[in-house]
Amino acid sequence: MCPQESFFQPSQFLLLVGVPVASGLLLLKCLHWHCSRWLPGACWKSDGQVEAMSQPTPLSEDEIPRECPPPTLPEVAAFYQELHTPTQGRTVTRQLMHKLLVFSAREVDHRGGCLILQDTGISLLIPPGAVAVGRQERVSLILVWDLTDAPALSPSQGLVSPVVACGPHGASFLKPCTLTFKHCAQQPSHVCTYSSNTTLLDAKAWRPLGRPGAHSSRDECRVPLSHFSLYTCVLEAPVGQAPRKWLQLAVFCSSLAPGQTHLQLRVYFLNNTPCALQWAMANEKPHGGRLRGPCQLFDFTGARGDQCLKLKYISEGWENVDDSSCQLVPHLHIWHGKCPFRSFCFRRKVANDIEDCSALTNEIIVTMHTFQDGLETKYMEILRFQASEEEYWATPPSVSQPPPCNRLPPELFEQLQMLLEPYSITGNDWRRLASHLGLCGMKIRAAPRRPSWSCSRSRTAACRSCTTS
């Protein structure tokens, strides 16, 4: 073996073996780096490490994600201070800390007192002797219009009442107080009262009240309170029985102005409670929407499908702008009390699109059918809507009303108003009082607009004014 041959063989070995091995290792490293970036359930960190990524929890059907920064201590203090500041008998609607609230507050002494939220059917009675002699307590009654504060319900459970809070949270009295609010269950025995022993700003922990004394009549729930917290009612039917509740169908639309080319109407599917209708009115107010005609009752069952709203007739001179003449509302949106609505948009036709120019009118008439999916041939409600340009000119300007003037003692009138003012599906409200007094219901409805009764903000007060004037 010559020296040149022995010197050449190691170099040749390195070229033939070392280079392919190094190339293979480099290729494997590149493949590992490329694949790890696209592995499902993994995320790539800046330092080259692979970290497992937790899968996001899917939101429930009705849950709406909200990103609100945590409140500061001064914001929380200002929130509760405003809720507990006496409102001088007024009912206040206000957006506080991302929550739409309707509330009233007052000071109560040993003589007791009553808080009423106007036009909602909600009241709180503090009996005489509940507060010690020589002391004064500030109490507040709050209707929570933040729909995310309602209990998380199963498909078999239905929300049949508003969420109501009594404050301050945790306050107790020498005698039980009585909280009263409306429900829309068809069977009072199926109503279960729930409470959340938390503040308004904390995460809610809803549980059955489990305290004897709560009573549900045909459309009302009375809860004796040993301490203040949050309360609502849930429909829980026994196994084998179909759960049902009453809805109110409310049609809203703005005025039809001369020359207006488009018009939108909205149909709300609401729990048949006064506060649900007030929520829809508050929701429509920024858009100029007004309630069109009386609400219609609907027998809604929890064991059936989605709600259908079908457009059946449009008067000549108008056409439907939407792609479909039938719209669906998910069953759970109604069953869980989310106050959904559906809308139709109509366009006035131009003269060239109409064979008979006389069909151009200054009004629109619409007929709709609504029913639960699969029950169209068994049960259906017909909704009719009409608007004309004459209403636009005939709409009276809003006039501020002076404060109420009551000739009855305040305590007695408060109790009378608490019992009679909210609408009852049985008619056991101010209408029955008007009937006993020989008064016309239409006259009472118009009472707040009459100058001679302008001091009356409630229909109960209007009944009393008619008999004393």
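Preceding block: the structure.
The structure presented is a predicted model; accordingly, all values stated were derived computationally and were not measured.

K.L.:
Break down the environment of Thr120 for me, with residues and values.
P.N.:
Position of Thr120 among the secondary structure elements: in the loop between β5 (113–117) and β6 (122–126). Assessed through its relative accessible area of 2%, Thr120 is described here as buried. Taking the C-alpha atoms as reference, Thr120 lies 7.1 Å from Gln278; in sequence the two are 158 residues apart. Not counting residues up to four positions away in its chain, the partners in contact with Thr120 are Leu143, Pro274 and Cys275. A polar side-chain atom of Thr120 sits 2.7 Å from the main-chain carbonyl oxygen of Leu117. Within the local environment of Thr120, its side chain forms a polar contact with the backbone nitrogen of Ile122, the two atoms lying 3.4 Å apart.

K.L.:
Please provide a residue-by-residue account of the sheet that holds strand β14 (residues 220–227), values included.
P.N.:
Pairing is antiparallel across the open sheet formed by five strands, whose spatial order is β5-β6-β10-β14-β13. Of all the strands in the sheet, just β5 and β13 (215–216) have a single pairing partner and so form its edges. Here β6 runs beside strand β10 (residues 172–182); their pairing, made up of three bridges, is antiparallel. Residue pairing in the sheet places Ser123 in a bridge with Thr180 of β10.

K.L.:
Break down the pattern of salt bridges for me, citing the residues and quoting the values.
P.N.:
All told, the structure shown has 14 salt bridges when counted by the stated rule. Put simply, Arg222 and Glu220 hold a salt bridge, and the shortest N to O gap is 3.4 Å. A relative accessible area of 15% places Glu220 in the buried class. The salt bridge partner of Arg266 is Glu284, with a shortest N-O separation of 2.7 Å. With a gap of 18 residues between them, Arg266 in strand β17 (residues 262–271) and Glu284 in helix α3 (residues 274–284) connect regions that are remote in the sequence. Among the residues examined, Glu284 registers a relative accessible area of 1% and is labelled buried. Residues participating in the shared-partner salt-bridge network are Lys99, Asp146, Asp149 and Lys204.

Conventions adopted
Residues numbered from 1 in each chain as written. Predicted model: local features only at pLDDT ≥ 70, side-chain atom pairs only at ≥ 80, totals over all residues. Heavy atoms only, no water. Helix = DSSP H or I, 4+ residues; strand = E, 2+ residues; numbered from the N terminus. Buried < 20%, exposed > 50% of the residue type's maximum accessible area, 1.4 Å probe, protein only. Contact = heavy atoms within 4.5 Å. Polar contact = N/O pair within 3.5 Å; in protein donor to acceptor, adjacent residues only side chain to side chain. Pairing = 2+ DSSP bridges. Salt bridge = Lys/Arg side-chain N within 4 Å of Asp/Glu carboxyl O.

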